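Each chain is listed here by its residues.
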Amino acid sequence: MREHFLAIEAQRERQEFERVLEVQQEGQREEEIKERDARSRKLHHAEEVRNQIKEKEGDMIHARQIFFEEGIKLDQEAQERRRRLDEIKKKKLDELHGAGVPPKYINEVARRAMKPQTSLITH
């Protein structure tokens, strides 16, 4: 009977041990799942931040490109205006020459007309 009692006690202790072990293993599994989820969320967040940075950089590059293109366009427009003004000046000088104005006066007008214009815009 004593052996039977010891066998039952040993069985209970084994069952209690297995129950505690199962609870610990379940807790460990849950902790691993939480850690994996946290890692996943951190990686996802980091990826989102990197994407936002790339998008901002792309926007800045695009804005800078537009700025430079606008500068080039303005330079081209200014060159075209100067070219047209030079053509008009030359045409007017030719008209003066054709009207019989003495070269001495034409040269003075030409010197003043072809003198570089000072810009109103200060840099």
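Residues numbered from 1 in each chain as written. Predicted model: local features only at pLDDT ≥ 70, side-chain atom pairs only at ≥ 80, totals over all residues. Heavy atoms only, no water.

## Comments concerning the overall build of the chain
Here is step 1 of the chain: Check the secondary structure of the chain and you find two helices and zero strands.
Here is step 2 of the chain: Since a compact globule built from 123 residues should have a radius of gyration of about 14 Å, the 45 Å found for the chain marks it as more spread out than a globular shape.
Here is step 3 of the chain: Dimensions along the principal axes, computed over C-alpha positions, put the chain at roughly 145 × 20 × 10 Å.
Here is step 4 of the chain: For the chain, the computed accessible surface area is about 11,900 Å², with 58% contributed by carbon and sulfur atoms.
Here is step 5 of the chain: In the chain, which carries 27 positive and 27 negative side-chain charges, the distance between the mean positions of the two groups comes to 14 Å. (Helix = DSSP H or I, 4+ residues; strand = E, 2+ residues; numbered from the N terminus. Rg over C-alpha atoms; globule rule 2.2 N^0.38 Å. Areas by Shrake-Rupley, 256 points an atom, 1.4 Å probe, with all protein chains shown as cover. Lys, Arg positive; Asp, Glu negative; His and termini not counted. Charge placed at Lys NZ, Arg CZ, Asp CG, Glu CD.)

## Some thoughts on the packing of helix α1 (residues 2-98) against helix α2 (residues 103-113)
Here is step 1 of the chain: In contact at an axis separation of 10 Å, α1 and α2 are set at 170 degrees when each is read in the N-to-C sense. When the interaxial angle is binned, α1 and α2 end up roughly antiparallel. Across the interface between the two elements, Lys89, Leu93, Leu96 and His97 from α1 touch Ile106, Val109, Ala110 and Ala113 from α2.
Here is step 2 of the chain: Residues of the contact of α1 with α2, tallied by class, amount to six nonpolar, one polar and one charged. (Axes fitted to C-alpha atoms, helices over the stretch in contact; angles between N-to-C directions. Parallel < 35°, antiparallel > 145°, perpendicular 65-115°, else oblique. Contact = heavy atoms within 4.5 Å. Nonpolar A, V, L, I, M, F, W, Y, C, P; charged D, E, K, R; others polar.)

## Overview of α1
Here is step 1 of the chain: Helix length check: α1 (97 residues) gives 142 Å between terminal C-alpha atoms against 144 Å at 1.5 Å per residue, within 8%.
Here is step 2 of the chain: Once α1 finishes, Gly100 follows within two positions and takes phi at roughly 85 degrees, a positive value. (Expected span 1.5 Å × (residues − 1).)

## Some details on the pattern of salt bridges
Opposite charge on two side chains permits them to pair, given that their charged atoms come into close proximity.
Here is step 1 of the chain: According to the stated counting rule, one finds 12 salt bridges in the structure shown.
Here is step 2 of the chain: The partner of Glu80 in a salt bridge is Arg83, and the shortest N-O contact between them spans 2.3 Å. Pair noted here: Glu80 and Arg83 are both in helix α1, with a separation of three residues, about one helical turn.
Here is step 3 of the chain: By relative accessible area, Glu80 is classed as partly exposed at 31%.
Here is step 4 of the chain: Of the charged contacts, one joins Lys92 and Glu95 as a salt bridge, the two residues approaching to 3.7 Å between their closest N and O atoms. With Lys92 and Glu95 both in helix α1, this residue pair falls three residues apart, about one helical turn.
Here is step 5 of the chain: Here Lys92 falls in the partly exposed class, since its relative accessible area comes to 47%. (Salt bridge = Lys/Arg side-chain N within 4 Å of Asp/Glu carboxyl O. Buried < 20%, exposed > 50% of the residue type's maximum accessible area, 1.4 Å probe, protein only.)

## Concerning α2
Here is step 1 of the chain: When we look at burial in α2, the residues that qualify are Ile106, Ala110 and Ala113. Looking straight down α2, one finds its buried side chains confined to an arc of 65 degrees; they lie on one side. Pointing more than 90 degrees away from the buried face of α2 are the exposed residues Lys104, Asn107, Arg111 and Arg112.
Here is step 2 of the chain: As for α2, its buried residues are in contact with α1. (Arc of directions from axis to C-beta.)

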